[in-house]
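# A structural walkthrough
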Amino acid sequence: MQSALYPEPGGTSRTPFHFSGHGSSFSLGKTKLHYPKKGQESTDYSPHHVNDHQERAYVRELMPLLNPHLHRMITLSFDLIFNSSLPRLFEDIYGDACPHLESLTLNCKYDDEFETIDPQIQMNPQDLVPLVLPSLTDLSINGRALALLLSHPGIMVVESDGLESLSVSCYTPREGESIDLLSFIKDFLYLTIPFRLRLDSIPFIWNPDEVEDAISTMDSLMDLTFHNLPQGAADVIFRLVDQQGDDDDDDYDGLLCINISECSLPAPNFLLMCEEIWLKDIEFPCDLAGFTSLWVGSTLVIENCPGYAVNAMLDSMVQMCPGFDWLNAPELTHLELINCRDFSIARLKHLWEVRENTSVPPPLDKIYVTGYGPMLSLTDRQWIERHPERLHFDIDEWND
């Protein structure tokens, strides 16, 4: 069964919005709100292409139509262009209006620096009614919403063991505004305890002197994703990840996946236990070798990183792990290199040969090299052809 709303704010739109199932899900996205003319396709959602006032006005007129249905919502998702267009926490979504809500998404592509809540509410924080979400498991919000939550501790109430996924993205602070990384970890993550954490384009600040005294509070994380964070932010977070977890929690198996892109890499001084690591567009200095030297896991994917950094990493993987009686990356079995120009095939072959002839660590089961890559000699191609089940090369130079 499906029902649909056909709001026509200002009489300018005929875009349908569907409730799925028994009216328990609502989703408004960029492709629905900013559709091209008939017969055209467009993915240009830049501020120059989309009018923020029109988007904001549309959502403002839409919310009164949606409000009567909030009490039965399980999923509520707004993925828009501008922060100022998003529904306002504690004004549009407030109190116990959403007792069954399991997934809440309030995302934007641009923080256009407009206020996202009524100025009167900002001046009178004591009048804010706590947002109670007892069923919430997945929360995806923009950085300005996070700043609001941090400035009013306890204003959003979720079950302490209920939140499985937290994503925070897009924040452009105005003068005098900031989000403190340690406050976020201690005052927010400690209370919500997510299993999956994604941080994207949040210019955190922190006091380096306080990092040394900080206590590990993240003892349940299994999936970490960092994109476009300031220099050193990932390092601070890694210092506070308790990989041992709670001894009483039989469901926690430690970190399963780390995904880092357009960031500087942390420099862990401890064994990094994680099954999969994905690294893309790592900022200078791109120390892949340093990051993976104390890593224990099976799958490593490197995308669009410089050849010198890949070479240094390949060299390090045939060296002994500092302080341990095994080679670096001792459990690596799956290596994937995507669009990594100018790395050395000879070094990759040397890594393969060392692992083939060593009982510990195990041999490399799969190597994938795709996209832009080094030129292959006849000897290189013969080596690949001898191991068709384990070596997979599809690089541009080879296909020309």
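Shown above is the structure to which this text applies.
One structure accompanies this document, and this report is about it. Since the model is a prediction, treat every value here as computed from it, not as a measurement.

Inspection of every chain in the model, using the stated rule, returns 12 salt bridges. Between arginine 198 and aspartate 200 there is a salt bridge whose closest N-O contact spans 2.9 Å. Accessibility expressed as a relative area gives 13% for aspartate 200, which makes it buried. Salt bridges sharing partners connect three or more residues here, namely Asp111, Arg144, Arg174 and Glu177.

Turning next to unusual backbone geometry. The linkage connecting phenylalanine 284 with the following residue, proline 285, adopts the cis geometry, with an omega of -5°. Mapping proline 285 onto the fold places it in the loop between strand S13 (272-280) and helix H8 (288-292). At phenylalanine 90, a position not held by glycine, the phi torsion is positive, near 70°. We classify phenylalanine 90 as buried; its relative accessible area is 8%. At cysteine 170, a residue that is not glycine, the phi angle is positive and equals roughly 70°. Here cysteine 170 is to be found in the loop between strand S9 (165-169) and helix H5 (181-192). Residue cysteine 170 is classed as buried on the basis of its relative accessible area, which comes to 11%.

A few words on empty space enclosed by the protein. Scanning all chains against the criterion turns up 3 cavities of 30 Å³ or more. Counted as a void, the second largest cavity has a volume near 50 Å³. Surrounding the second largest cavity, Asp235, Phe238, Arg239, Pro266, Ala267, Pro268, Asn269 and Phe270 form its lining.

This next bit is on the nonpolar core. Core analysis: the largest hydrophobic core is formed by 102 residues, its most contacted members being Phe78, Phe184, Phe226, Ile260, Leu288 and Ile302. Considering each element in turn, this core owes the most residues, 6 residues, to H5.

With that settled, consider the packing of helix H9 (residues 307-316) against helix H10 (residues 345-356). Axis separation between H9 and H10 bottoms out at 9 Å; the angle between their running directions is 20°. For the element pair H9 / H10, the angle class is roughly parallel. Regarding H9 and H10, the two cross each other, and that crossing is left-handed. Packed against H9, whose contacting residues are Asn311, Leu314 and Asp315, the element H10 presents Arg347, Leu348 and Leu351 at the interface. Along the lines of polarity and charge, the residues of the contact of H9 with H10 split into 3 nonpolar, 1 polar and 2 charged.

Rules of the game
Residues numbered from 1 in each chain as written. Predicted model: local features only at pLDDT ≥ 70, side-chain atom pairs only at ≥ 80, totals over all residues. Heavy atoms only, no water. Salt bridge = Lys/Arg side-chain N within 4 Å of Asp/Glu carboxyl O. Buried < 20%, exposed > 50% of the residue type's maximum accessible area, 1.4 Å probe, protein only. Helix = DSSP H or I, 4+ residues; strand = E, 2+ residues; numbered from the N terminus. 1 Å grid on protein atoms, 1.4 Å probe; cavity = no way out; pocket = protein on both sides within 12 Å on 5 of 7 lines; lining within 4 Å. Points joined across faces, edges and corners; volume = space filled by probe spheres on them. Core = buried A, V, L, I, M, F, W, Y, C linked by side-chain atoms within 4.5 Å. Axes fitted to C-alpha atoms, helices over the stretch in contact; angles between N-to-C directions. Parallel < 35°, antiparallel > 145°, perpendicular 65-115°, else oblique. Left-handed = near helix turned anticlockwise from the far one by under 90°. Contact = heavy atoms within 4.5 Å. Nonpolar A, V, L, I, M, F, W, Y, C, P; charged D, E, K, R; others polar.

All quantities given are derived from atomic positions and should not be read as evidence of function.
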